[in-house]
Amino acid sequence: MLKGVNLKNPHLNKMPSDFLYHLNINVPNTADTSVIQKQFGDIVAVCAGGTSKRMRELAIYLRPILGIKDNSEPVDLCESGQRYAVYKVGPVLCVSHGVGSSTFSVVLHELLKLVKYAKCQDPVFIRIGTCGGVGVEPGTVVITKDAYNGYLKNEHEIPILGKRVVRPASFPDTLCQEILKYGAKSDDGFNTIIANTMSTDCFYEGQGRTDGAVCEYSDDEKMAFLKECQKKGICNIEMEATMFASLTQKVGVRAADVCVTLINRLNGDQVSITMHEKETFEQRPFSIVGRYIQHLLLN
Ligand SMILES: O=P(O)(O)O[C@@H]1C[C@H](O)[C@@H](CO)O1
Ligand SMILES: O=c1cc[nH]c(=O)[nH]1
């Protein structure tokens, strides 16, 4: 049975209006959100990824899959907000989130409020990203099960009101399995796997790289850390999974993190593939998620 989105913030019930600042979307009357419902009420999936270019391309990619005949330039609905790009293609939103949990969490809070005000029914949130691989061939697509932070703990840690708050950070197993089942095909020409992900706040030292501006550990220490990751079933490293899993888990919204590996970190630190190769790899999660969304709409 479909369900609406119930956020975990009692203060929202007392707010007569709400301004989604970074999206530049105004909700003038929270008691009557009919205008927002008309614009966004049909949303079944919210896809998010680091760059606005990727999200624009995803919007174009999804058109034929969703049976939408449209060759026009996708419109960035939140261009006036000057922060995040938001494209709507049929019942799917494609949203850029920038680099890392801090920029993603800002837009995620606002998107969760948007789908609540729009009275969307059981929307699924899917991050379509890039990542570093650990022991897997570059180009492998990883669907995250458990998200580990940089301390190799399966949790998300944030300071709130000066206190350390720790929340669980896992993605629903049934959704991982469904995305694998309906999204991946044996003749894709690349592997799609379900595995654990480490998510860090720093691309360089946080991910154990030795090519940042600062590094105080040896190559051997780095390799030992990456082997530790492998022991926890971690096959990829990115910068959003723990926050994304914990916030969506907290509000009971289904979510998944589907990322393509650009590099095998057991072989080096520099992401040296060409932009063309990167763009080709970025299409891989598109096809997995595209097929899954097709399945979602038919059922
Ligand atoms: O979705 P993207 O490609 O932005 O995801 C990864 C994690 C960080 O945001 C970024 C680091 O290069 O790429
Ligand atoms: O190594 C990588 C590659 C992409 N994104 C990351 O966060 N790490």
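Residues numbered from 1 in each chain as written. Chains lettered and ligands numbered in written order. Predicted model: local features only at pLDDT ≥ 70, side-chain atom pairs only at ≥ 80, totals over all residues. Heavy atoms only, no water.

The Sequence similarities (unreviewed entry) field of the UniProt record for the protein chain holds the comment "Belongs to the PNP/UDP phosphorylase family." (UniProt positions renumbered as here; feature names shortened; annotations may be inferred.)

A. Molecular detail of the packing of helix 2 (residues 52-65) against helix 7 (residues 275-298). Running from amino to carboxyl end, helix 2 crosses helix 7 at an angle of 45 degrees, the nearest separation of the two axes being 10 Å. Between helix 2 and helix 7, the angle is such that the two are oblique. Crossing handedness for the pair helix 2 and helix 7: right-handed. Residues K53, R54, E57, L58, Y61, L62 and I65 of helix 2 pack against E279, E282, Q283, F286, S287, G290 and Q294 of helix 7. Its residues assigned to classes, the contact of helix 2 with helix 7 shows 5 nonpolar, 4 polar and 5 charged. (Axes fitted to C-alpha atoms, helices over the stretch in contact; angles between N-to-C directions. Helix = DSSP H or I, 4+ residues; strand = E, 2+ residues; numbered from the N terminus. Parallel < 35°, antiparallel > 145°, perpendicular 65-115°, else oblique. Left-handed = near helix turned anticlockwise from the far one by under 90°. Contact = heavy atoms within 4.5 Å. Nonpolar A, V, L, I, M, F, W, Y, C, P; charged D, E, K, R; others polar.)

B. Main features of the domain arrangement of the protein chain. Here the protein chain is described as being made up of domain 1 (1-122) and domain 2 (127-298). A C-alpha centroid distance of 23 Å is found between domain 1 and domain 2. The partner domain 2 presents 26 residues to the 33 residues of domain 1 that form the contact. A buried area of about 2,400 Å², summed over both sides, lies between domain 1 and domain 2, and 67% of it is on carbon and sulfur atoms. Three residues stand out in domain 1 for area buried against domain 2, namely R54, Y61 and S101, and they jointly supply 23% of the buried area on that side. Taken together, domain 1 and domain 2 are joined by 3 salt bridges. Here E279 ties to K53 by a salt bridge, and the two come within 2.9 Å at their closest N and O atoms. Connecting domain 1 to domain 2 are 8 residue pairs in polar contact (both at pLDDT 80 or more). When residues of the side of domain 1 that touches domain 2 are traced back to their parent elements, those giving at least two are strand 3 (45-49), helix 2 and helix 3 (101-117). Broken down by element, the residue count for the side of domain 1 that touches domain 2 peaks at 8 residues, all from helix 2. (Domains from an automatic or database assignment. Buried area = accessible area lost by both parts, 1.4 Å probe. Salt bridge = Lys/Arg side-chain N within 4 Å of Asp/Glu carboxyl O. Polar contact = N/O pair within 3.5 Å; in protein donor to acceptor, adjacent residues only side chain to side chain.)

C. How the structure looks around the layout of surface pockets. Roughly 820 Å³ of volume is contained in the largest pocket. S105, H156, I158, R167 and M243 are the residues nearest the centre of the largest pocket, which is lined by 31 residues in total. Classifying every residue of the lining of the largest pocket by side-chain character gives 11 nonpolar, 14 polar and 6 charged. The volume enclosed by the second largest pocket comes to roughly 510 Å³. What lines the second largest pocket is a set of 25 residues, and nearest its centre among them are V99, T130, F203, L262 and K278. Secondary-structure elements contributing two or more residues to the lining of the second largest pocket are strand 6 (124-133), strand 11 (234-238), strand 12 (255-264) and helix 7. For the lining of the second largest pocket, the leading source of residues is strand 6, giving 5 residues. Split by residue class, the lining of the second largest pocket holds 10 nonpolar, 9 polar and 6 charged. When residues of the lining of the second largest pocket are assigned to domains, at least three fall in each of domain 1 (1-122) and domain 2 (127-298). (1 Å grid on protein atoms, 1.4 Å probe; cavity = no way out; pocket = protein on both sides within 12 Å on 5 of 7 lines; lining within 4 Å. Points joined across faces, edges and corners; volume = space filled by probe spheres on them.)

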